[in-house]
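Structural overview for review
Each chain is listed here by its residues.
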Amino acid sequence: MNGLSLSELCCLFCCPPCPSRIAAKLAFLPPEPTYSIQTDETGARGTLRLTDRAEWQFSDRELESIEVFYTRSKRGNRIACMFVRCASNPKYTVLFSHGNAVDIGQMASFYIGLGSRINCNIFSYDYSGYGASTGKPLERNLYADIDAAWQALRARYGISPDSVILYGQSIGTVPTVDLASRFECAAVILHSPLMSGMRVAFPDTRRTWCFDPFPHRQSIQDFITSVGDSWYRR
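Residues numbered from 1 in each chain as written. Predicted model: local features only at pLDDT ≥ 70, side-chain atom pairs only at ≥ 80, totals over all residues. Heavy atoms only, no water.

As recorded in an unreviewed UniProt entry, the protein goes by the name Alpha/beta hydrolase domain-containing protein 17C, listed as coming from Holothuria leucospilota.

Spelled out as C-alpha cells, the structure:
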C-alpha cells in the first residue's frame, strides 16, 4: 500500500467516519479484469478466457485442469470461482483468498504451480468488484463472498471441511479469519495479514476503534477463542 499524505488521511478519516469507504480507499485496488468467463447453455460451467493483462496464457493441458463458474453471494453479487485440479487424489484442497491488487486470472498460473508442488487442488474466487465478479469491493461484501465460495466448494465438489485449508493473503486474510472463526477446517494460513485498517494507516495505533475497518486483530482473537484447544490436540 502506498503511503498517504496528511491531507489524504484527513479526507479519509473525516467526521463522521464511514468504515466501508475508508476500507475501500485504503485496502482495495482491483485491477482491470484480466479474464472473462464464457458459460455454457446451462450456465453451470464456464471456459476461462484470459486477456493480455494476465501476462500468462495457458496450454491446452493446463486449460483442462481449470474449471470456472459463477455462484451467488447472499448480498446478491455474482462471484467468479476457479477450481484448479493439480492432483488426482489430494488429501487437501486449498481455499485461496488472494491479495488486493490481483484477480484470479492473474493468479491462475501461480495456483497451478502451488497445487502441483504441494499435491493439493486449489479453489479460489474473486471478491465483489474484482475480475468477472459483480458488485463493489466493500468490507461487508468480503464476508459474503467467501461464504459463497465456501458453500460452492462444498456443494459442487463434495469436499468435507476437514479437507479444506484456508489460505489468505493480504486483504484475503480478513475473510479467511472470519470464515475460520465460524466453520471447521483442516488448517489456516495467513500470508502478510492485516492487523486492521487503522493500524495500516497509523502503525503506532494501540487500540481498536469503533470505526476501524477490518478489525482483524480482534477477529484473530475471536478465532483463537472459538477453536480453543481442539486444534492443538490434532
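Resuming the write-up.
1. Description of the pairing of strand 7 (residues 164–169)
Along a regular strand, successive side chains alternate from one face of the sheet to the other. Stated precisely, the cut-off is as follows: Type-normalised accessible area, obtained with a 1.4 Å probe on protein chains alone, sets the label of each residue: buried when under 20%, exposed when over 50%, and partly exposed for intermediate values. Helix and strand assignments come from DSSP, with helices taken as H or I runs of at least 4 residues and strands as E runs of at least 2, each series counted from the N terminus. Strands were regarded as paired on the criterion that DSSP finds at least two bridges between them.
With five of six residues buried, strand 7 is to be regarded as a mostly interior element. Direction of pairing for strand 5 (residues 93–97) relative to strand 7: parallel, over a ladder of five bridges. Considered in strand 7, the bridge of Phe-96 is made with Tyr-167. By the bridge criterion, five bridges tie strand 7 to strand 8 (residues 187–191) in an arrangement that is parallel. Following the sheet pairing, Ile-165 is matched in strand 8 by Ala-187.

2. Examining the pattern of salt bridges
Put simply, the rule is: Salt bridge, as used here, is a side-chain nitrogen of Lys or Arg placed within 4 Å of a carboxyl oxygen of Asp or Glu.
Under the definition given, this model contains five salt bridges. In this structure, Arg-182 and Asp-147 form a salt bridge, with 2.8 Å as the shortest nitrogen-oxygen distance. One end of the pair, Arg-182, is in the loop between helix 6 (173–180) and strand 8; the other, Asp-147, is in helix 5 (residues 139–157), and 35 residues separate them in sequence. The exposure class assigned to Arg-182 is partly exposed, which follows from its relative accessible area of 39%. Take Asp-147: its relative accessible area is 13%, and that puts it in the buried class. Connected through shared salt-bridge partners, Lys-74, Asp-147, Asp-178 and Arg-182 make up one network.

3. Side note on the packing of helix 5 against helix 6
Note the following rule: Think of each axis as a best-fit line through the C-alpha atoms, taken over the contacting stretch in the case of a helix, with angles from 0 to 180 degrees between the N-to-C directions. Less than a right angle of anticlockwise turn of the near helix away from the far helix marks a crossing as left-handed, whereas a clockwise turn marks it as right-handed. For this analysis, residues touch if any pair of their heavy atoms sits within 4.5 Å.
In the contact formed by helix 5 and helix 6, the axes pass within 9 Å of each other and the chain directions differ by 60°. At the point where helix 5 passes helix 6, the crossing takes the right-handed sense. Where helix 5 approaches helix 6, its residues Leu-142, Tyr-143, Ile-146, Asp-147 and Trp-150 are matched on the opposing element by Val-174, Pro-175, Thr-176, Asp-178 and Leu-179.

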